[in-house]
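# Summary of the model geometry
Next come the chains, spelled out residue by residue.
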Amino acid sequence: MKFRAIYAATAAAALGLGLTACGGSSGGSSAAKDAVCKLPDSGPSVKIGIKYDQPGLGLKDGDKYTGFDVDIARCVAAEMGYSKIDFVQSPSPQREKMLQAGTVKMIVATYSITDKRLKEVGFAGPYFVAGQSLLVGKDSKISGVNDLAGKKVCSVTGSTSVDNLKEKAPKLVPQKYDTYSACAEALASGSIDAMTTDDAILAGYANQPQYKDKVKLAGGTFSEENYGIGLKKGSADCDKVAAAIKKTLDNGNWKKAVENNLGSDYKYNTELNPPKSPSCKA
């Protein structure tokens, strides 16, 4: 999906050990008041996994939960009649286990739909199509994947990003950290040469005050990452979630969520976004 790195890494490690996570209610938080979609006044509650450390996508700051994924989660929950959301931190390496164990009902956390993951969990979507890119130091001479031989390139454990990139640049040196926050901090300090993940996540970092004059996007996009809402395999709610995504795409709330969180000048791929036909992939 960036800093509160020590907290995020510690929380992720704790989650990995015990499959527990810090949760938070969306009800009554200032983030909920400013959200694109308002939850109904009455109805059941739901636990939804998000990232806590991805600016513009999923970010926890005190009792506030903000980001594009957070707004999509609220819009889908509202369409399904949920009146309260308990947001739960969902680090990349733990997402499948959390869904399988029922720790959360669904996960909205820059979760790319892949054939490998579909063997373990279900998805509804996509609700966004991102493209993998590179974040490098401001003065770096890296301009694209062809410049990565021998370079230390970071992404998070459990993400497919470095593996995908290694197919294009087999001589890069993979560096895997628990969180994107740790990657971003290592990049800013010069400990690594590049960070790779989806362009939306990288843009969120590049625009943060603590990184704005230290890093830059490079190389354009070189993949298609279909973000879906993760569900337990065989979930009876899969079709309902897909229908809720479709409603959010069609009623203008999707566009509001993009502009509110990633900026009105963010250049997403308009050939692929908004996605045309979200569906259940169980």
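Structure: see above.
Overview of the structure. Computed from a predicted model, the values in this text were never measured in an experiment. (Residues numbered from 1 in each chain as written. Predicted model: local features only at pLDDT ≥ 70, side-chain atom pairs only at ≥ 80, totals over all residues. Heavy atoms only, no water.)

## Here we look at the overall build of the chain
Inclusion rule: Working definition: helices are DSSP H or I runs of at least four residues, strands are E runs of at least two. Numbering for both runs from the N terminus. A 1.4 Å probe and the Shrake-Rupley method give the accessible areas. Residues count as covered only by the protein chains that appear here.
For the chain, the helix and strand inventory stands at 10 helices and 15 strands. When the accessible surface of the chain is summed, it comes to about 12,000 Å², and 48% of that surface belongs to carbon and sulfur atoms.

## Quick word on the sheet that holds strand 3 (residues 53–54)
Heads up, the rule is: What makes two strands pair is DSSP finding at least two bridges between them.
Read across the open sheet, the three strands follow the order 3-4-5; overall the sheet is antiparallel. Every other strand in the sheet has two partners, leaving strand 3 and strand 5 (64–66) as the edge strands with one partner each. With two bridges joining them, strand 3 and strand 4 (residues 58–61) adopt antiparallel strand pairing. Across the sheet, the residue bridging to Gln-54 is Gly-58, located in strand 4.

## A few points about the environment of Ala-218
For clarity, the threshold we go by: Relative accessibility under 20% of the residue-type maximum defines a buried residue, over 50% an exposed one, and the middle range a partly exposed one, all with a 1.4 Å probe and only protein chains included.
With respect to the helices, strands and loops of the structure, Ala-218 is situated in strand 13 (residues 215–218). Take Ala-218: its relative accessible area is 8%, and that puts it in the buried class. Separated by 75 residues in sequence, Ala-218 and Ser-143 place their C-alpha atoms 5.4 Å apart.

## Regarding the sheet that holds strand 13
Pairing between the strands of a sheet comes from backbone hydrogen bonds, and it takes one of two forms, parallel or antiparallel. Quick reminder of the rule: A fitted line through C-alpha atoms represents every axis, and for helices the fit uses only the stretch in contact; the resulting angles, taken between N-to-C directions, go from 0 to 180 degrees. Contacts between residues were defined by any pair of non-hydrogen atoms, one from each residue, lying within 4.5 Å.
Read from one edge to the other, the open sheet built from five strands follows the order 11-10-12-9-13, with strand pairing classed as mixed. Edge positions in the sheet fall to strand 11 (173–177) and strand 13, since each of these pairs with one other strand and no more. With direction set aside, neighbouring strand axes in the sheet form an average angle of 35°. Pairing of strand 10 (residues 152–156) with strand 11, which is carried by five bridges, proceeds in the parallel orientation. Among the inter-strand pairings, Val-156 is bridged to a residue of strand 11, identified as Tyr-177. Across the sheet, helix 7 (residues 180–189) lies against strand 9 (132–137), strand 10, strand 11, strand 12 (194–198) and strand 13, angled at about 145° from strand 12, the strand it touches most. In this fold helix 8 (residues 199–206) packs onto strand 9, strand 12 and strand 13, with an angle of close to 130° to the strand it touches most, strand 12.

## Quick look at helix 9 (residues 238–250)
For clarity, the cut-off: The span expected for a helix works out to 1.5 Å for each residue beyond the first. It is the directions from the helix axis to the C-beta atoms that the arc portrays.
Between the first and last C-alpha of helix 9 there are 19 Å, a value that for 13 residues agrees with the 18 Å anticipated at 1.5 Å per step. Within the sequence span of helix 9, burial applies to Cys-238, Val-241, Ala-242, Ala-244, Ile-245, Thr-248 and Leu-249. The arc that holds the buried residues of helix 9, viewed along the axis, is 160°, so those residues lie on one side. Exposed side chains of helix 9 directed beyond 90 degrees from the buried face belong to Asp-239, Lys-240 and Asp-250. Where helix 9 ends, the next residue or the one after it, Gly-252, has phi of about 95°, a positive value.

## Observations concerning the packing of helix 3 (residues 68–79) against helix 10 (residues 253–262)
Applicable threshold: Geometric relationships in this document are graded by angle, where less than 35 degrees denotes roughly parallel, more than 145 denotes roughly antiparallel, 65 to 115 denotes roughly perpendicular, and other angles denote oblique. Handedness of a crossing follows from how the near helix is turned relative to the far one, being left-handed for an anticlockwise turn of less than a right angle and right-handed for a clockwise one.
Interaxial distance between helix 3 and helix 10 falls to 9 Å at its minimum, and their mutual angle equals 155°. Put simply, helix 3 runs roughly antiparallel to helix 10. Note that helix 3 runs across helix 10; the crossing there is right-handed. For the pair formed by helix 3 and helix 10, the contact residues are Phe-68, Asp-71, Ile-72 and Cys-75 on the first element and Asn-253, Trp-254, Ala-257, Val-258 and Asn-261 on the second.

## Quick notes on the environment of Cys-280
Within the fold, Cys-280 resides in strand 15 (residues 279–281). Placed 43 residues apart in sequence, Cys-280 and Asp-237 show a C-alpha to C-alpha distance of 9.2 Å.

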